[in-house]
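Here is what each chain is made of, one letter per residue.
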Amino acid sequence: MSVTLRRLYGVSRLVLTNTQPWLRTIRVPPAASMVRPYTSGKDSSQPPPDPPMDRMDIVMSMEPAIPIYTPKQNEPFETRRARLLYQSRKRGMLENGLLFSTFADRYLNKLDEQQLKLYDRLINEPSNDWEIYYWVTGAKPTPEEYNNEVMDMLKQHAQNKNMEQRFRQPDLTEA
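As the structure is a computational prediction, the values presented were derived from the model and not from experiment.

A.B. asks: Looking at this model, I keep getting lost on the packing of helix 3 (residues 94-107) against helix 5 (residues 129-137). Mind explaining?
C.D. replies: Any two packed helices are characterised by how steeply their axes cross, that is the angle between the axes, and by the distance between the axes. At a minimum axis separation of 10 Å, helix 3 and helix 5 run at an interaxial angle of 55°. It follows that helix 3 is oblique to helix 5 by the angle criterion. As for how helix 3 packs across helix 5, the hand of that crossing is left-handed. Side by side, helix 3 and helix 5 meet where E95, N96, L99 and F100 of the first sit next to D129, W130, I132, Y133 and V136 of the second.

Encoded structure:
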């Protein structure tokens, strides 16, 4: 198989092959060293200015909308507890998965209905799991709407004063 590479003035490389007719001519992007930035005739010693930030609405509209959390109405107590156990284990980020799953294993069966509602709101309303992690670990101050007794329990749990090893989520047990 004979392959020949030929540079065409930095615009593209032309690949010719004799073995496969459908691959007779392929345009490949130029080598990085051959690409020059577009300068529009101005002095190229200065980098171009950043684009105006007043058009962030265009960028933000391209992201999918995060649905607003609405608490489940008339959900049975045991169903809520089972759902919260699942949501505590499946956080999408390992740090919160370990933190919330060990918290749920230890405290979820001891929480009353009002505390379960607070916990439900805490793990489902904020759209950023990193924010929750920073609040629980004390890296950032907790907003007033989430600063409650369940958050205090989570903060105590995160301190891990007994130096427990929390390398994996606790096993599920049948109720």
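From this point, things continue past the structure.
A.B. asks: It is not clear to me how the packing of helix 2 (residues 77-89) against helix 3 should be interpreted in this structure. Could you clarify?
C.D. replies: In contact at an axis separation of 7 Å, helix 2 and helix 3 are set at 150° when each is read in the N-to-C sense. Relative to helix 3, helix 2 is oriented roughly antiparallel. Of helix 3, the residues touching helix 2 (which contributes L85, S88 and R89) are N96, G97, F100, S101 and A104.

A.B. asks: Just checking my understanding: could you explain the environment of L98 for this structure?
C.D. replies: One can find L98 in helix 3. Residues L98 and S88 lie 10 residues apart in sequence; the distance between their C-alpha atoms is 8.5 Å. Apart from the residues lying within four places of it in its own chain, the contact partners of L98 are R166, F167, R168 and Q169.

A.B. asks: I keep staring at the pattern of salt bridges and nothing clicks. Help me out?
C.D. replies: Opposite charge on two side chains permits them to pair, given that their charged atoms come into close proximity. Applying the stated criterion across every chain, the model contains eight salt bridges. In this structure, R81 and E78 form a salt bridge, with 3.1 Å as the shortest nitrogen-oxygen distance. In this pair, R81 and E78 both sit in helix 2, three residues apart, roughly one turn of the helix. As a salt-bridge pair, E113 and R80 come within 3.3 Å of each other at their nearest N and O atoms. Taken together, the residues E113 in helix 4 (residues 113-124) and R80 in helix 2 connect sequence positions 33 residues apart. With a relative accessible area of 38%, E113 lands in the partly exposed category. Through salt bridges that share partners, E75, R80, R83, E113 and D120 make up one connected network.

Calculation rules
Residues numbered from 1 in each chain as written. Predicted model: local features only at pLDDT ≥ 70, side-chain atom pairs only at ≥ 80, totals over all residues. Heavy atoms only, no water. Axes fitted to C-alpha atoms, helices over the stretch in contact; angles between N-to-C directions. Helix = DSSP H or I, 4+ residues; strand = E, 2+ residues; numbered from the N terminus. Parallel < 35°, antiparallel > 145°, perpendicular 65-115°, else oblique. Left-handed = near helix turned anticlockwise from the far one by under 90°. Contact = heavy atoms within 4.5 Å. Salt bridge = Lys/Arg side-chain N within 4 Å of Asp/Glu carboxyl O. Buried < 20%, exposed > 50% of the residue type's maximum accessible area, 1.4 Å probe, protein only.

Distances and angles like these do not, on their own, reveal function.
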